[in-house]
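Now for the letters of each chain:
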Amino acid sequence: MEYISTRGGAGTVDFERTLFSGFASDGGLFMPKRIPSLDRDTLWKWSSLSYPELVKELCSLFITADLVPRSTLSDLIDSAFSRFRHKDVVHLSRLKDGLNVLELWHGVTYAFKDLSLSCTGQFLQYFLEKRQKHVTVVVGTSGDTGSSAIESVRGQKNMDIFVLLPKGLCTQIQELQMTTVIEDNIHIFAAHGNSDEIDVPIKELFTDVDFARKYNLMSLNSVNWSRIMVQIAHHFYAYFQCAPSLNTTPLPVVEIVVPTGGGGNITAGCIAQKMGLPIRLVAVVNSNDIIHRTVQHGDFSLSESVKPTLASAMDIQLSETLRSCSASDEDIMRAMRRCWEENHYPLCPHSAVTAHYHYSHPDSMPRCCLAPASAVKFQDAVLRAGLVPQVPPEITALTAMETRSTPLQRGQDWAQVLKARIEAAAQRWETQSGWLGSPGQREITRQGVTQA
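What counts as what
Sequence positions are assigned chain by chain, starting from 1 and proceeding in written order. Side-chain atom pairs in this predicted model are given and counted only at pLDDT of 80 or more, local residue features only at pLDDT of at least 70, and totals for whole chains, interfaces and linings cover all residues. With hydrogens and water stripped out, all remaining heavy atoms of the structure feed into the side-chain values. Buried Ala, Val, Leu, Ile, Met, Phe, Trp, Tyr and Cys residues that are joined via side-chain atoms within 4.5 Å together make up what is termed a nonpolar core. Only protein chains enter the accessibility calculation, which uses a 1.4 Å probe; a residue is then buried when its area is under 20% of its type maximum, exposed when over 50%, and partly exposed in between. A helix here means a DSSP run of H or I that spans at least four residues, while a strand means a run of E at least two residues long, and both kinds are numbered starting from the N terminus. Contacts: residue pairs with any heavy atoms within 4.5 Å of one another. Strand pairing is defined by DSSP finding a minimum of two bridges between the two strands. In this scheme Phe, Tyr and Trp rings, the latter by its six-membered ring, pair at centre separations within 6.5 Å, and the angle between planes marks the pair as stacked below 30 degrees, edge-to-face above 60, and tilted otherwise. In this scheme, the term charge over a ring applies when either NZ of a lysine or CZ of an arginine sits within 6 Å of the ring centre and within 35 degrees of the ring normal. In the sections that follow, a salt bridge refers to a side-chain nitrogen of Lys or Arg positioned within 4 Å of a carboxyl oxygen of Asp or Glu. Only C-alpha atoms enter the line fits that serve as axes; for helices the fit covers just the stretch in contact. Angles between N-to-C directions range over 0 to 180 degrees.

> How would you sum up the nonpolar core? Please name residues and give values.
One finds Phe15, Tyr51, Phe81, Phe123, Ile232 and Phe236 to be the most contacted residues of the largest nonpolar core, which totals 86 residues. The biggest single contributor to this core is helix α10 (residues 225–242), with 12 residues. Aside from chain neighbours lying at most four places away, what touches Tyr51 is Phe81, Asp88, Val89, Val90, Leu115, Val230, Ala233, His234 and Tyr237. Core analysis: the second largest hydrophobic core is formed by 31 residues, Met333, Met336, Val382 and Ala385 among them.

> Let's hear about the pairing of strand β4 (residues 100–103): which residues, and what values?
Judged by which residues are buried, β4 turns out to be covered on both faces: Asn100 and Leu102 on one side and Val101 and Glu103 on the other are all buried. Pairing of strand β3 (residues 91–94) with β4, which is carried by four bridges, proceeds in the antiparallel orientation. Considered in β4, the bridge of Leu92 is made with Leu102. Where β3 hands over to β4, the hairpin turn is made up of five residues, of which Asp97 adopts a positive phi near 60 degrees. As judged from the three bridges shared by β4 and strand β12 (residues 367–371), these two strands associate in the parallel manner. The partner of Val101 across the bridge, within β12, is Cys369.

> Tell me about the packing of aromatic side chains, and name the residues and values.
A full pass over the atoms with the stated rule returns 14 aromatic pairs. Centre to centre, the rings of Tyr3 and Trp225 are 5.9 Å apart; their planes meet at 50 degrees, and the pair counts as tilted. Within this pair, whereas Tyr3 is found in strand β1 (residues 3–5), its partner Trp225 is found in helix α10, the two being separated by 222 residues in sequence. Note on Tyr3: relative accessible area 0%, which makes it buried. In this structure Trp225 comes out as buried when scored by relative accessible area, which is 1%. Taking the centre distance of 5.8 Å and the plane angle of 90 degrees together, the rings of Tyr51 and Tyr237 count as edge-to-face. You can see Tyr51 sitting in helix α3 (residues 51–62) and its partner Tyr237 sitting in helix α10, a full 186 residues away along the chain. Linked through ring pairs, Tyr3, Phe15, Phe62, Phe123 and Trp225 together constitute an aromatic cluster. In this structure, Arg85 is placed above the aromatic ring of Tyr110, and the distance from its NZ or CZ to the ring centre is 3.6 Å. A cation over a ring is seen here: Arg338 above Tyr359, with NZ or CZ 3.9 Å from the ring centre.

> Give me the pattern of salt bridges: which residues, what numbers.
Scanning the entire structure with this criterion turns up 23 salt bridges. Close ionic contact of Arg338 with Asp97 constitutes a salt bridge, the shortest N to O distance being 3.0 Å. Assessed through its relative accessible area of 30%, Arg338 is described here as partly exposed. A salt bridge links Glu255 to Arg367, with the nearest nitrogen and oxygen atoms 2.6 Å apart. Each member of the pair Glu255 and Arg367 is classed as buried.

> Describe the sheet that holds strand β5 (residues 135–140), with residues and values.
The sheet built from five strands is open, its strands ordered β8-β5-β6-β7-β13 with parallel pairing. The open sheet has two free edges, formed respectively by β8 (217–219) and β13 (406–408), since each of these has just one partner strand. The mean inter-strand angle of the sheet, taken between neighbouring strand axes irrespective of direction, is 25 degrees. Relative to β8, β5 runs parallel, the two being bridged by three bridges. Its bridge partner being in β8, Val138 is matched across the sheet by Ser219. Where helix α7 (residues 172–179) meets the sheet, it contacts β6 (159–166) and β7 (186–191), and its direction lies at approximately 155 degrees from that of β6.

It is worth stressing that arrangement in space is one thing and function is another; only the former is reported here.
Take a look at the structure:
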């Protein structure tokens, strides 16, 4: 399996190079050169698999056995899911009025990104131990990506992670899940800007090819193919859980409703379609409706600013990446209230965007709504909907913990601040690892992991 840039100017690379690169050198995203096509017999065999087994089958199509032996791949994925709270890793709740909610949030941080990032963290560690290398992970987050990425690499001696969060635009719990992690390899920056603004210095770092190569920069945002790859499994599992039968010809179509911000999850769904999965995708968004306007009207123009909403992880205009629907804050609160009144089931505001679509678009086609996060992370939104938050003890404990972060003020050169900290972290790793080579030898060693 080879990977190429979406812009066509970076040549072909293998999975390891893709994993460690994030953006391609031409500014594009790495995608498989060929999308595997699955026949009916394969879908039938996969339909009885557990979620972890589905992930293993899918990953084996995109990661060659010469890079990661199949038995090792299986062990890495088992390790990735070992900290999940639900025995099935993900769970489908069947509620009234045909509302099927696929809970993707049973990981450590109560968000769907734990699924792909826990696997990605295992893949990274496997290659780094094998190569004896160090990497610098740079992540921008609108809420959940940062904490999931942190949990996937915390405490690792050969990885430093730099996370930029938009100060005051995440929920208190989301921010605390990041700033309370006090580890030498965790570096948190609270930026006075929105999610799109914090992406600017990150892209500047990656487009400085010499710097990116020298310090082995990589991303764990949705630009990283490894995350997209694992997320393909959400759509297969949703289909197999909600399809009435696989004994009909043609196979039944299942509609999958995807809350969409940066576009990683909907991209995974599009790839699942290309692989032969008979699904109809619906991209649902909040008031920042660039995806909806693009699908409905071909309008990909940016609004003057990103609007803060209850569904903060979807407060994005510049998607990385389809019937679509948008929801206002009032629509979100109404869906949260209705779901609670009818089912005593709490929805996070992002999941409520999918429920709003379901309630307002009745259809006889089987449907599955993806739930990307637990309501426990969004107490303010739950209160605004007139409901009572249900908060587990481990979330409550965050408010009493020590925090650590570095502010990024408007007017500062954020890219230069990051570069200085990245250089300092790399020097610390060299000292701690006992590397005594010359500067030229160190350069060669740093470059090795991305050129292997």
